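# Residue-level structural notes
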Amino acid sequence: MTDTPFLAPLRAALPEVASVRGLALVPVKDGLWRVTGRSGAVLGHIERKLDDRGESFAARRLLPATRTLDLGTFWQLADAADCFR
């Protein structure tokens, strides 16, 4: 038996995402969503992370030439998505 606490599976519904106007979150895999704008252009990704502090969502914006920029880690999925507006 290990001391590792049970962590919920990464497959999660998209809570409160509809409140972020002009954005769509497209599931890529368990715990990872592609963020697209109204035109369909990919703006970046949001990744669900679990650790001993709980669930958080890391936002990364895509830049030209396949680079990314970390935008931050948020406690709510809607807050992570809001930084793409």
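The present account deals with the structure reproduced in this document. (Residues numbered from 1 in each chain as written. Predicted model: local features only at pLDDT ≥ 70, side-chain atom pairs only at ≥ 80, totals over all residues. Heavy atoms only, no water.)

### As for the pairing of strand E2 (residues 32-36)
Operational definition: Exposed residues in this analysis have more than 50% of their type's maximum accessible area, buried residues have under 20%, and partly exposed residues fall in between, with area computed by a 1.4 Å probe over protein chains only. The helix and strand labels rest on DSSP assignments: H or I over at least four residues marks a helix, E over at least two residues marks a strand, and numbering proceeds from the N terminus. Pairing between two strands requires that DSSP report at least two bridges joining them.
A large share of E2 lies buried, amounting to four of its five residues. Where strand E1 (residues 24-29) meets E2, five bridges bridge the pair, whose relative direction is antiparallel. For valine 26, the partnering residue across the bridge sits in E2 and is arginine 34. Linking E1 to E2, which pair antiparallel, is a turn of two residues; within it glycine 31 sits at a positive phi near 80 degrees. Bridge count for E2 against strand E3 (residues 42-51) is five bridges, and the pairing is antiparallel. Paired with tryptophan 33 across the bridge in E3 is isoleucine 46.

### Here we look at the side chain of serine 56
Definition in use: Throughout, a contact is declared for two residues whenever any of their heavy atoms are within 4.5 Å.
Its location among the elements puts serine 56 in strand E4 (residues 54-63). Residue classification places serine 56 among the buried positions, given a relative accessible area of 6%. Setting aside anything within four residues of it in sequence, one finds serine 56 in contact with Glu47, Arg48, Lys49, Thr73, Phe74 and Trp75.

### Focus on the sheet that holds strand E5 (residues 67-74)
Stated formally: For every element, the axis is a line fit to its C-alpha atoms; helices are fit only across the contacting stretch, and the angle between N-to-C directions ranges from 0 to 180 degrees.
The antiparallel open sheet is built from five strands, whose spatial order is E1-E2-E3-E4-E5. Of all strands in the sheet, those bounded by a partner on one side alone are E1 and E5. Adjacent strand axes in the sheet meet at a mean angle of 25 degrees when their direction is disregarded.

### A word on the pairing of E4
In this structure, E3 lies alongside E4, joined through eight bridges in antiparallel fashion. By the bridge assignment, glutamate 47 is partnered in E4 with alanine 58. Here E3 hands over to E4 after two residues, the two strands then running antiparallel side by side. As paired elements, E4 and E5 share seven bridges and run antiparallel to each other. Bridge pairing links arginine 60 to aspartate 70 in E5. As consecutive antiparallel partners, E4 and E5 are separated by three residues, and within that stretch alanine 65 has a phi angle of approximately 65 degrees, a positive value.

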